[in-house]
Each structure stands twice: as C-alpha cells, then as structure tokens.
Amino acid sequence: GEDVEQSLFLSVREGDSSVINCTYTDSSSTYLYWYKQEPGAGLQLLTYIFSNMDMKQDQRLTVLLNKKDKHLSLRIADTQTGDSAIYFCAESITDDMRFGAGTRLTVKP
Amino acid sequence: DAGVIQSPRHEVTEMGQEVTLRCKPISGHNSLFWYRQTMMRGLELLIYFNNNVPIDDSGMPEDRFSAKMPNASFSTLKIQPSEPRDSAVYFCASSGDRAYNSPLHFGNGTRLTVT
C-alpha cells in the first residue's frame, strides 16, 4: 500500500513493556524514525534506525526492523506514565518522508 | 541550541483575514519544511525548502497559501484570505545536509483557529 500504517491506540499498565508496530511502504527507505508527540507540542525525534540494521537499543527503547516484511517496531521497557503520548513512525526515501497516523499510547497507573 | 522556533503559538482570526506564521530553523540546517496537522488528515507536508529555494510545494492546498524563505534563518507561511477549514496546527521543521536523509526537528507548532 501507499500508507505507513500503525495501530491507532495502545493501552498498557505502568511498569509493563509497550510494543508499537508499524508497516512501511518502500523497501528502498534509507532511514526509519520514531517520533513522540506530547499534548501541545511538536514531534520529538525519539530514535531512528538505518535500513542496513535490524536492531537498535537506546536505554529503555528497542527498535526492531524486519526489512523483508517492511515492519518496524518500537519497544518501551518499564513504561511510565510520562511515556503517554502519540508515537509516529516515519520512513525516509530520497525525495520524500512519509509519516504514519500515529499510535496513542495510554499508560495506566 | 534553541531548536526550531515558531510564532505565534496560538492564532485566532476571523474568516477572510490574512494570517502569517513564522519559523526560525535550527542554525546550520539547510532544509525547512511546513506541515499541517489535523485529526482528519494527520500530518500533511505543505512545502519544503532546500537552501532557501522551494523544492516541493505540491502539498500547498491552494493559491490562498504561500510560503517564503528570504534567508537561511527565517521562513513564513501566509494564508490570505483564511477560511475556517484552515484551522489546524501548523508545524515547521528543519534538517541538515540532505532533506530526508537526516532527521527532521520540529517546532512546537502554531495552533490556528479561523472562526
């Protein structure tokens, strides 16, 4: 398809792991990004992965990339209430960047 | 670095009025993007500049919208005349080197309400 696809909602309990999934469109994408948007703010770059990698870990964040299936995931370990936000997946291709619709993560105490 | 700076944060105006949104990109970045975000359509790219030159304006909705980048540190997005359907959050973003091969850094947006 033409769209970067994400589930719209995810709800987890504080302390659990969160996994946000994304399917992107173009196998020639060079970079794949995860952005976080808190209420009233812009999109904040969380992490990104180059297309020749299959995993990247950064503290509580783990990004997994499956190029064959064009699937990207973001795992947040020990999810906290401050992680509640909208998370956007994005792919960059030479002359374009495509964003998913965003996954709203709700963390319950 | 102060990040991408947008002004105003909020703008409320009446239909038919001219609206100007402003953006200061991160110093040293040579690509600048204007996005619009609504609940219905999500994030939409309106226009992007590279080295102050508009490269892709295919996302600009119609002639009522115009954008300029007179120098490397300033850009404006103008809507004239504004309409209620223009109500949205408008984001400016900048990136270094080549447009889409480095991450975009977003400002905090301007929330526009047209009554």
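About the thresholds
- Residue numbers here run from 1 along each chain, matching the order of that chain's written sequence.
- Each chain gets a letter, beginning with A, and each ligand a number, beginning with 1, in the order they are written.
- Since the coordinates come from a predicted model, pLDDT governs what is reported: local features require at least 70, and pairs of side-chain atoms require 80 or more to be given and counted, while whole-chain, interface and lining totals use all residues.
- Excluding hydrogens and water, the side-chain figures rest on all heavy atoms present in the structure.
- Pairs of residues are marked as contacts when any of their non-hydrogen atoms sit within 4.5 Å.
- Accessible-area loss on putting two parts together, using a 1.4 Å probe and summing over both, is the definition of buried area adopted here.
- All amino acids are sorted into three groups, where Ala, Val, Leu, Ile, Met, Phe, Trp, Tyr, Cys and Pro are nonpolar, Asp, Glu, Lys and Arg are charged, and the leftover types, Gly among them, are polar.
- Strands qualify as paired when DSSP identifies two bridges or more between them.
- Helix and strand assignments follow DSSP, with helices taken as H or I runs no shorter than four residues and strands as E runs no shorter than two, numbered in order from the N terminus.
- By convention, a stacked pair of Phe, Tyr or Trp rings (six-membered ring in the case of Trp) has centres within 6.5 Å and planes under 30 degrees apart, an edge-to-face pair has planes over 60 apart, and any other such pair is tilted.
- Only Lys NZ and Arg CZ are tested; either one counts as a charge over a ring when it is within 6 Å of the ring centre and within 35 degrees of the ring normal.
- Among the buried residues, those of types Ala, Val, Leu, Ile, Met, Phe, Trp, Tyr and Cys that are joined through side-chain atoms within 4.5 Å form a nonpolar core.
- Remark: exposure states derive from per-residue accessible area (1.4 Å probe, protein chains only) relative to the maximum for the residue type, with buried under 20%, exposed over 50%, and partly exposed in between.
- Two cysteine sulfur atoms make up a disulfide if the distance between them is within 2.5 Å.

(A) Here's a closer look at the interface of chain B and chain A. Each partner contributes residues to the interface: chain B has 13 residues there, and chain A has 19 residues. For the pair chain B and chain A, the summed buried surface comes to about 1,300 Å²; carbon and sulfur atoms form 57% of the total. Here the side of chain B that touches chain A is composed, by residue class, of seven nonpolar, five polar and one charged.

(B) Here's a closer look at the sheet that holds strand β7 (residues 61–66) of chain A. Residue and element names in this part refer to chain A. What the five strands build is an open sheet, ordered β1-β3-β8-β7-β6; its pairing is antiparallel. Both edges of this open sheet fall to β1 (5–6) and β6 (55–58), since each of them pairs with a single strand only. Where β1 meets strand β3 (residues 18–23), two bridges bridge the pair, whose relative direction is antiparallel. Paired with E5 across the bridge in β3 is T23.

(C) Spatial organisation of the packing of aromatic side chains. Residues and elements named next belong to chain A. Inspection of every chain in the model, using the stated rule, returns 13 aromatic pairs over all chains. Taking 4.9 Å as the distance between ring centres and 45 degrees as the angle between the ring planes, the aromatic pair formed by Y31 and F50 counts as tilted. Highlighted residues: Y31 in strand β4 (residues 31–37) and F50 in strand β5 (residues 43–50), separated in sequence by 19 residues. Positioned above the aromatic ring of Y48, the side-chain terminus of K56 is 4.5 Å from the ring centre.

(D) Highlighting the nonpolar core. In this structure, W34, L77 and Y90 of chain B are the most contacted members of the largest nonpolar core, which totals 21 residues. Mapped onto this core, the elements with two or more residues apiece are β3 (19–24), β4 (31–38), β5 (42–50), β7 (65–71), β8 (74–79), β9 (88–95) and β11 (110–114) of chain B. Core analysis: the next-biggest nonpolar cluster, separate from the first, contains 19 residues, V4, I20, C22 and L72 of chain A among them.

(E) Unusual backbone geometry, seen in detail. Cis peptide bonds are those with omega within 30 degrees of zero, and the linkage from S7 of chain B to P8 of chain B qualifies with -10 degrees. Tracing the backbone through its elements, the reader meets P8 of chain B in the loop between β1 (5–7) and β2 (10–13). Backbone geometry at D78 of chain A places phi at a positive 50 degrees, although glycine is not the residue there. One can find D78 of chain A in the loop between β8 (71–76) and β9 (85–93).

(F) The arrangement of the state of the cysteines in detail. On inspection of all chains with the given rule, the structure shows two disulfides over all chains. Here C22 of chain A pairs with C89 of chain A through a disulfide, and the sulfurs are 1.9 Å apart. What sets the handedness of the C22 of chain A and C89 of chain A disulfide is the S-S torsion sign, and at about -60 degrees it is left-handed. With C22 of chain A in strand β3 and C89 of chain A in strand β9, this pair connects stretches of sequence that are 67 residues apart. Each member of the pair, C22 of chain A as well as C89 of chain A, is classed as buried. Each disulfide pairs two cysteine sulfurs, and for C23 of chain B the partner residue is C92 of chain B, the sulfurs being separated by 1.9 Å. Judged by the torsion about the S-S bond (-65 degrees), the C23 of chain B/C92 of chain B disulfide is left-handed. Taken together, the positions of C23 of chain B in strand β3 and C92 of chain B in strand β9 put the pair 69 residues apart, joining distant regions of the chain. With respect to burial, C23 of chain B and C92 of chain B carry one shared label: buried.

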